[in-house]
Structures are given as structure tokens and as C-alpha cells.
Amino acid sequence: MTVARATTLLASAHWRMLVHKARFGLRENRLLSLTVGTFLVLYGFGAYFLVARGLDFIAKLPLIGPLLTERLVFLLFFFFFIMLIISNATITGMGLFRRREMEWQIALPLPPRSLVLWKTLEGMLLASWGLLLLSAPILMALARVYEADSGFMLAVLPALLSLVTIAANVSTWLLIALARWARRWMWKPLALVLALLLVRTLPVWQSGFETLNTGDLTASLNQILRHTEICMHPLLPSTWVAETIQAAGRGIRERALFFNLVLLAHALLSIVITARIAGSQFYPAWNRVMSAAPGVDSAAKRPEFCARPGRLAEWLRRVLALDRASFALLVKEVRMFVREPVQWGQTAVIFGLLLMYSMNLRKLGYDLQSPFWIAVVSHLNLLVCCLALSTLTTRFIYPQFSLEGRRMWILGLSPVPLHRVLGLKLRLSASVLSLIMVALVIVSGVSLALPWRRIGFFSASILMLSYGLTSLALSLGALVPNFRESNPARIVSGFGGTVCLIASFVYIVCGMAVLVLPSWQHLRQDAAVGMAYDGRLELLSLSGLAVLTVVFGGLPYFFAKRRTKNLEYLRHL
């Protein structure tokens, strides 16, 4: 059987499965499907309106408007490309090296190239639909700014598909190389390099309370453009997509066609390279991953360590006021997180980027002596933290119950009942996430030189939002479990994960609308410097956020806890 025929066979089988699941979901969950469809339509209109207004504002800036618009397009698709590589690597890695289905498929009379090509295509489809959904209203807004004709989308869509294909194949190359040649000793130098890069930003933050020269527009613009030059590197596929958009928007069809052909050629070449790498390196990489086992010494020491917890563990158990069974469950959750590079890797990347961003807020170039810009930047900073947190909770907290799989009956027979397991998972996840988010908000508040009263206000807000988002994701995951699926990306991509994402977004929007109430007087260009915040409005907005937290986080947790108390919960196994 040829590679093309085997790949087509796998794709057709999974396509039939997908169509069957979609028909079943539409037939059995009509209300849910209607809710998801309504939200997507509303999101499309809302995103188009907001992006179009923002681009119109930038494009109308004298002298620098077109230049900033062009640079924003390059910057946007550069980060889209990086995000695609990371998300594709996560999903494809789970499919190639972590799923039991692969152990069965690799024993079939199918060439390894077809398996790798199909898993790459599957990861591309699962990871890229969100990008296409996000970029559609942005592209329509760009077409409106450029006053482009109907051929704009026809010229840009092939470029986007080629970009997605290149990112998916690059992530497969990285995965196979990592599984084939990575060694444990390499992680320590890599962690040291990342720590040095992070520490490098500390002097900038400590001595960087100076802002850009807001009076010298040319110097400020040159400094901003210099820091984004990497996004315009001519060898980046994201640069070719941005060039396609610029050419199609200006009506230069020959240039748009040229970059489309460049992207298509590199996309096809990436598929060929993936097939060649898979033919020679995939099976040794898969065999190395499957045969990896701890050493004899560590295996001999582990039972003794587990049987006799150390003094630190015993002290921590007493501080947390937990019995031994509950503490053992928390230790299990922590060890599962540590042993899962996908989880702590993505979490470290997101929080590391947020930390560097928070430390350099005063480098944004705005007049942070103005109450208007202080209020705008501080609230946008809180919004960014909430959106990043909702991404983590939807991606990692929501599938926690489903990932227990058919081993859930073991937890059902343990001394800790399922409803208490739900509470312990919530306490652990929400406590850790809230501490990290509060620390980030404090760092950003100090970077913006906010009064400690405002820092306390934002810290209390992010604390409630952290518990609310975590409770919402964990509760929905317990209410709509999928014990038959072991891939967290597929679990999140289902109806329950989509509802969790929508509910988190609505919760954040409502919460931000309530929290902006004390700053409404400062959100004017003519706001006086030194204007005090009304403490009663702050307490009122925090009370409103607490009510929203109870609605979005408390009520789902109540229903999830009541459902897990019923033994019929285990019938889904």
C-alpha cells in the first residue's frame, strides 16, 4: 500500500467518525449547538466591529497611520505562526507518542510515513480552526480599511491555509527531533538559558521607570519599530502572508499571486520533508519513547519514598489540615502535572511572557502621567491576565476529570469520595493559579506606579476571577465528562469545551464591565491629574464581581458536586 493511499484511508475513516459524531451531537444537543452557533455569530460581528474601529483609528493617524497598520499586520501573523507551532506540537505530540491508539496503529501493515502524515493533518485541523475563526473578522476589517474588493479574501485564504500547513509540519519536525535525540542533561542548560533571558529583563524593569520620549514622535516611533523588526524577516512564512494581505488590499494582484505561490511551494515542500523524516526517524523515535523506563536505583528507592513521606510533606499536610488520603490525592495531582511536559511547558511559557510583559509596562510609550492612560492600561492589563488564565483553565483544568478515564472507578472506591475529589482539585488548582495571577498583578501595578489601594483593588479582582474561572472549567468538566477520550485537545474541542470557553469569555466581559465602574471618571481625555477614586464604587464593583463569581463559578460547582455524589455518575465508564 502506498503512502498516499494509506494516508487517504486513515483520513476517510476518521472523517466518517467525525461526521457521525457531528450528526449525533446536533441531534442530541440541539440547544447546545444553537448556543455555540449563536455565540460564534455574535463573536464574528463583535470582533469585526471592534477591530475595524481600532484599525480606522490607527489608519487616520497623520503621517504614521499606514506604517503602523502595516507593522500590526506583520506582528499579528508572526504571533499567529508561533502559536500555531506550539499548539500543533502539543496536539500532534499527544497523538504520536502518548495515545494507546498509536500502539495499535503502528502494528498495522501501514507505512510509518502515512501515520505521521495523518497525525500531522489531524493536529493541524484541531489546532487551526480557532485561528481561522479568529482571523476571519480581522481579515474582513482589514479589507474594509484597505477598501479592497471581493477578491481580497480569495487571495488571502490560500495564504492562510499554506501558513497552517507549514506550521503543522515544522512542529512535527521538532517533535521527532526532540523524541529522537533529546537527553535529560539538555534540560538543565536550557532552563538556565531561559532563566538568564528572564533575569535580563529585571534591570530594565528596576531602572526602567523612564518612559519613551512622548514629545519626540520620531524617536518614539523608531524605537517601537526597531523592536518589531524580527516580525518582518523575509524568510518567515508569516511575513509572506502579511505581504499577501498588503498586496491584495492595495490591488496588486501579481504580487499577491507571487507570495501565494511561494507559500504553496514551501507548504508542499514541508509535506515532502515530513514524509522523508517520518520514513527514517519516526520509528526509532517512537521506540525510544516507548522503551524509556526509570533506572534500577530510582525504581528501588521509589516505594520506600512513597511509604515514608518526609518531614516536609508531613508538615505541609498538617498546615493544610488534610487527612492522609486527601493529601495523597493532592500529591498525585502535583506529580501528574510535573510528569506532563505539555502542561508545565505551556504554563511556563504563558506565565513567563506575562511576567516579562508586566515588568515592561512603562515601556509602552504612553503618557502614564495622564489618568486616562493609567486607567486604560491598568484595566487592559487585568483583561490580558484574565484571558490568559481562561486559556489555561479551559485547556488544562476542564479535561481533568475526563482524563481520569476508566480508572475513575478506583477513585470511586477510595476513602475520598468523588465530590471531595472535586473540591480538592478546585482548592489545589485555584490556589496555585490565584497566587501566580495576584503576583503578576502586583508586579504590573508596581511597574505602572499605581497607588497601593488600586493594586489591592486589582489583586482582589484577579483573586475572585481566578477562583471563578477555575471553578467554572472544573465543574463543567465534571458535568460533561468524556471518559472514552485520552487526548485532552479532543476533549477541549468538544461541545463541553466550547461551552466552557464561551462561559469563561462571558464571565470575563461581565466582570470587566463591573470593574471599570470606579474608573469611569478617569476614562476621559480631560481627566484631572490626581483625581481620587471613590472607595464606595470600588466596594460596589467588587461586590458585583463577587455575585458574578457565585453565578459563573459557584452554581456550576454546586451542580457538579451534587452530581458526583450520585453513583450513577460512574455509569459513563
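Let me sum up the structure you'll find in this document.

A closer look at the state of the cysteines
Following the criterion strictly, the structure yields zero disulfides and no others. Looking at Cys386, it has no disulfide partner, and the nearest cysteine sulfur is the one in Cys385, 6.9 Å off.

Brief notes about a nonpolar patch on the surface
Nonpolar side chains collect at one region of the surface, where Leu257, Leu261, Leu264, Leu268 and Ile271 lie side by side and expose about 450 Å² of accessible area between them. With respect to the secondary-structure elements, Leu268 resides in helix 10 (residues 253-291).

Details of the pattern of salt bridges
Evaluated as defined, the whole model comprises nine salt bridges. Notably, a salt bridge pairs Arg144 with Asp56, separated by 2.4 Å at the nearest N-O pair. In this pair, Arg144 is assigned in helix 5 (residues 112-146) and Asp56 in helix 2 (residues 30-59), connecting sequence segments 88 residues apart. Notably, a salt bridge pairs Asp149 with Arg253, separated by 3.0 Å at the nearest N-O pair. Pair noted here: Asp149 is in the loop between helix 5 and helix 6 (151-181) and Arg253 is in helix 10, with a separation of 104 residues, a long-range link. Taking the relative accessible area as the measure of exposure, Asp149 reaches 44% and is therefore partly exposed.

Brief notes about helix 21 (residues 495-515)
With 21 residues, helix 21 extends 30 Å between its outermost C-alpha atoms, agreeing within 8% with the 30 Å of an ideal straight helix rising 1.5 Å per residue. All of the buried residues along helix 21 are Gly496, Gly497, Thr498, Cys500, Ile502, Ala503, Ser504, Tyr507, Ile508, Gly511, Met512 and Leu515.

Overview of the packing of helix 5 against helix 6
In contact at an axis separation of 9 Å, helix 5 and helix 6 are set at 145° when each is read in the N-to-C sense. You can see that helix 5 and helix 6 cross each other, and the crossing is right-handed. Seen from helix 5, the contacting residues are Val116, Thr120, Met124, Ser128, Leu131, Leu132, Ser135, Leu139, Leu142 and Ala143; seen from helix 6, they are Phe152, Met153, Val156, Leu160, Val164, Thr165, Ala168, Asn169, Thr172 and Ile176. Of the residues assigned to the contact of helix 5 with helix 6, the class counts are 14 nonpolar, six polar and no charged.

About the cut-offs
Residues numbered from 1 in each chain as written. Predicted model: local features only at pLDDT ≥ 70, side-chain atom pairs only at ≥ 80, totals over all residues. Heavy atoms only, no water. Disulfide = S-S within 2.5 Å. Patch = residues over 30% accessible without salt bridge, like charges linked within 9 Å, V, L, I, M, F, W, Y side chains within 5 Å. Areas by Shrake-Rupley, 256 points an atom, 1.4 Å probe, with all protein chains shown as cover. Salt bridge = Lys/Arg side-chain N within 4 Å of Asp/Glu carboxyl O. Helix = DSSP H or I, 4+ residues; strand = E, 2+ residues; numbered from the N terminus. Buried < 20%, exposed > 50% of the residue type's maximum accessible area, 1.4 Å probe, protein only. Expected span 1.5 Å × (residues − 1). Axes fitted to C-alpha atoms, helices over the stretch in contact; angles between N-to-C directions. Left-handed = near helix turned anticlockwise from the far one by under 90°. Contact = heavy atoms within 4.5 Å. Nonpolar A, V, L, I, M, F, W, Y, C, P; charged D, E, K, R; others polar.

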